[in-house]
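# Structure assessment
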Amino acid sequence: MSTDQEAPGGRDAQDPLEPRVGPTPEGDPEFHPYHHPAAGWGAAKSVTNFLVREGALVDGPRAIMRMNHENTGFDCPGCAWPDDTKGLHLDICENGIKHVTWEMTRKRVGREFFAAHSVSELAEWTDYDLENEGRLTEPMVYDPESDHYVPITWKDAFDVVGRALRGLDDPDQASFYTSGRLGNEATFLYQLMARELGTNNLPDCSNMCHEASGRALQDSLGTGKGTVDLKDWETADALFIFGVNAASNAPRMLTALAEAHHRGAQIVHVNPLVEAAATRTIVPHDFTDMALFKTTKTSTLNLQPRIGGDMALIRGMAKAVLERSATDPKALDEEFVDRHTSGFDEYRALCEGTPWEEIELQSGLSRADILKAAQVYGEADRSIVSWCLGLTQHEHGVDTVREIVNLLLLRGNLGREGAGPSPVRGHSNVQGNRTCGIDHRPSDAFLDRLAEVCGIEPPREHGLDTVRTIEAMQRGEIKVFVGMGGNFALAAPDTPLTYAALRTCDLTVQVSTKLNRSHIVHGAQALILPCLGRTEKDHQRKGVQSTSVEDSMSMVHLSVGMKRPASSQLLSEPAIVAGMARAALPDSATPWEWYIEDYDRIRDTMAKALDGFEDFNRRVRLPLGFRIKQPARELVFLTPSGRAEFSSAPLPDVVPEPGMLALGTMRSHDQWNTTIYSDNDRYRGIKNLRTLVFMNRADMRERGIDDMGPVDITSTAKDGSRRHLNGYLAIPYDIPRGCAAGYMPEMNVLCALVDYSTQSDQPIMKHVKVTIEPAA
Ligand SMILES: Nc1nc2c(c(=O)[nH]1)N[C@H]1C(S)=C(S)[C@@H](COP(=O)(O)OP(=O)(O)OC[C@H]3O[C@@H](n4cnc5c(=O)[nH]c(N)nc54)[C@H](O)[C@@H]3O)O[C@H]1N2
Ligand SMILES: Nc1nc2c(c(=O)[nH]1)N[C@H]1C(S)=C(S)[C@@H](COP(=O)(O)OP(=O)(O)OC[C@H]3O[C@@H](n4cnc5c(=O)[nH]c(N)nc54)[C@H](O)[C@@H]3O)O[C@H]1N2
Ligand SMILES: [Mo]
């Protein structure tokens, strides 16, 4: 890989030419289109192989039975889909099991490992091999003399952090990253520490994920979250699923889709790729279905827009509703629109003024197809629209989500059973992180209350998000970077530039469970602080502690670890935050140590400081926990007009320029973000290959590219700079012309840091402008 325009700060000789992420292939690359249902026996086989590989055949199944059990088990860290409320199913899936097993592995990375391998040597390893070494067992510090990580005591490690933070000229020289699996209690303490120090520099994985959804829903409805819950999913007449690969990334949604199909609901999938969840499934945990190979359809209509074409499709659906309302008084819910919304006239004029030709061109769909979707919507009494990254990681992510709300408002699909917006969040507690204060743009109301309850003076200036943190590092303005989970180096865009940025720091601290790239790409000083995983027992002075998490549908419940920790030296995440905070803020009046003795005490403070957390300790112990109140669900809109706001944004031009393609970066079935389980992608028919690009066969022919032939990919950024990936294999796939797709995190090399959305500041990871040519 090379960039014509060198990344500022230069590149270190020890960086491999391009990130080598996946495992060394076990055989030749294969591609055989997949024709089986999602989940079922393929999933069962894949799980068994995984349990064997991780040596977890004994503990694994026992732990899995305790997953997602109302308040007596641990919350599956695999995704943010809510738990089954009826308790009818064993509420688990293939990828959840893999994720948990990955944490419970018997493999360990101890001091002997670090003594045997220098950091320069580890830099040559693949990311798969790094993580595959197993669980971290004790705190380690980087020793520049020997280029090895060496053991350090917890006390000394906290002193290193404390000294670095105390020595800053300005607290804004520190940046505190969070990856969305951190429990609510640790989250609250973490943001408290940052704000007590005096900074709102709290970037998080949301900045790359659903920032657009939060901002859009906040602007439209005054509530930055979805308004529906699982019961609504069970009563909707129509479900519209945009831009999510549910069979891989939210597999428990398959159950909801199968149930919806059973009761005759309409299910419309909108995705440039027809993903496995858009066909049929064997309900993953329904053993009768499994035994009988009984499959259930999970779709009634599939639409394949061009990449970025969703907003035009939704505009077309809205236009059709309005056209129909001329003859059908029930097409539009005028009473709802009059009573609860603002901006309708302008929006109606916009829809009427947008010609069908433009809608067809920008969506890549025919008018007839758009009308099919509009008909489903028009005939359903109750509709839910759900979406994930296929909609958010675009320049116009905010506008598209607001367009969804526009469509819902037209027919009063809000504030009643079976209807509303339903974003599918990513990390298992990413929504809880935001609720509990991980926000680089906190509201004054939030800060006022924090100040009053916690007796601190929080800074008022907005802080840095993920992209802005990397930019500030490039300018040498960030001295200390703390990663509370996650793998910042590999997850962020513009890989070589992010590496160089991290290396400008005086100190990088990574709180992690497994070895990853962010330990190898580090600042002048570097710490690895190993923590308990969610499956593990957290013993503190007052006994075994539990933490709380919030799912995609705003349910907050407890998660209790049940396994013996991977090492006796691990600390819990709340304890690590408290340790760093005490070292950095020796005179702090916050009772850090007292909080850690009993997390109920943290929850008591949270109950006072956070909206919707009244009586937290009692309510979180209710059988299914509790639901955070959603004002918009009650038709209370905390917007300037006090009403739900229609937005009237022009359609973006998403048609690729001649010769260019729009490339979406996405996950394979066998990976969890930067964690790669294998180089197979079962549902897309891929074996032994990650360095690939899915293309339309006509686009391949036009460029003289053979099936599975090697290609060079070049992206062009806003500022004209180019980035390359060479020698990828082109897979002929059912994807619209002008579109291409491939895997993150490898393809982050193609995502320029400057290419972030001006609406959400999210990196534009689903619409990279590329050319693809046969390999030179
Ligand atoms: N097993 C597993 N589960 C996970 C994760 C994981 O890596 N592995 N990651 C978790 C996280 S953090 C997140 S955020 C979620 C991510 O869940 P997803 O959003 O499903 O993630 P992606 O794989 O990025 O895939 C997005 C989908 O968007 C489609 N797409 C691309 N461009 C467009 C477009 O312009 N329009 C439309 N309509 N669709 C488009 C792609 O074809 C793909 O199906 O999953 C979470 N759950
Ligand atoms: N090109 C491209 N890039 C993307 C995306 C994309 O679609 N395309 N998606 C973006 C999205 S949606 C996201 S969310 C980010 C993901 O970004 P991150 O959340 O930063 O990355 P992960 O891969 O989820 O982090 C994995 C690491 O988390 C650590 N870990 C695991 N469990 C625990 C735990 O319990 N506690 C702690 N402290 N650490 C733990 C392990 O050490 C593991 O190596 O990537 C983003 N990057
Ligand atoms: Mo995410």
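Residues numbered from 1 in each chain as written. Chains lettered and ligands numbered in written order. Predicted model: local features only at pLDDT ≥ 70, side-chain atom pairs only at ≥ 80, totals over all residues. Heavy atoms only, no water.

## What to know about the overall build of the chain
From N to C terminus, the chain includes 31 helices and 33 strands. For 776 residues, the compact-globule estimate of 2.2 N^0.38 gives 28 Å, and the chain sits close to it at 25 Å. Considering the chain as a whole, with its 776 residues, one finds that 66% of them fall into the buried category. Of all intrachain contacts in the chain linking residues separated by at least 6 positions in sequence, the fraction that spans at least 24 positions is 79%. Counting every atom, the chain has about 26900 Å² of accessible surface; 51% of that belongs to carbon and sulfur. Both charge centroids of the chain, one from 81 positive and one from 109 negative side chains, sit 5 Å from each other. (Helix = DSSP H or I, 4+ residues; strand = E, 2+ residues; numbered from the N terminus. Rg over C-alpha atoms; globule rule 2.2 N^0.38 Å. Buried < 20%, exposed > 50% of the residue type's maximum accessible area, 1.4 Å probe, protein only. Contact = heavy atoms within 4.5 Å. Areas by Shrake-Rupley, 256 points an atom, 1.4 Å probe, with all protein chains shown as cover. Lys, Arg positive; Asp, Glu negative; His and termini not counted. Charge placed at Lys NZ, Arg CZ, Asp CG, Glu CD.)

## Considerations on helix α23 (residues 466-474)
Within α23, seven of the nine residues are buried, leaving the element largely enclosed by the surrounding structure. Within α23 the residues assigned to the buried category are T466, V467, T469, I470, E471, A472 and M473. Buried residues along α23 sit in contact with β7 (174-178), β16 (480-484), α24 (488-491) and α25 (495-503). Capping of α23 at its N-terminal end is provided by D465; its side-chain oxygen lies 3.4 Å from the backbone amide nitrogen of V467. Positive backbone phi, at 75 degrees, marks G476, one or two positions downstream of α23. (Polar contact = N/O pair within 3.5 Å; in protein donor to acceptor, adjacent residues only side chain to side chain.)

## Some points on the site of ligand 2
What surrounds ligand 2 is a group of 31 residues, the closest being Y177, A491, N516, E573 and T674. Between ligand 2 and the protein, one listed contact pairs a nitrogen atom with a side-chain N or O atom of E573 at 2.6 Å. R667 places a side-chain nitrogen or oxygen 2.9 Å from a nitrogen atom of ligand 2. Against a free-state accessible area of 930 Å², the protein chains account for coverage of 98% of ligand 2. The residue inventory of the shell around ligand 2, partitioned by class, reads twelve nonpolar, 13 polar and six charged. Split by domain, the shell around ligand 2 shows at least three residues from each of two domains, domain 1 (2-31 + 656-774) and domain 2 (108-204 + 431-614). (Near = heavy atom within 4 Å. Nonpolar A, V, L, I, M, F, W, Y, C, P; charged D, E, K, R; others polar. Domains from an automatic or database assignment.)

## Describing the domain arrangement of the chain
As assigned here, the chain comprises domain 1 (2-31 + 656-774), domain 2 (108-204 + 431-614) and domain 3 (211-423). Its C-alpha centre places domain 1 at a distance of 30 Å from the equivalent point of domain 2. Contacts between the two partners involve 28 residues from domain 1 and, on the opposite side, 28 residues from domain 2. Summed over both partners, the interface of domain 1 with domain 2 buries about 2600 Å², with 55% contributed by carbon and sulfur atoms. Taken together, the connections running from domain 1 to domain 2 amount to two salt bridges. (Buried area = accessible area lost by both parts, 1.4 Å probe. Salt bridge = Lys/Arg side-chain N within 4 Å of Asp/Glu carboxyl O.)

## Some remarks on the side chain of S422
Within the fold, S422 resides in strand β15 (residues 420-423). With a relative accessible area of 2%, S422 lands in the buried category. Once residues within four sequence positions are removed from consideration, S422 is found in contact with V228, W233, I384, V385, S386, W387 and M553.

## Some words on the environment of D229
On the secondary structure map, D229 appears in the loop between α9 (211-221) and α10 (230-235). One polar contact links the side chain of D229 to the main-chain amide nitrogen of K231, over a distance of 3.1 Å.

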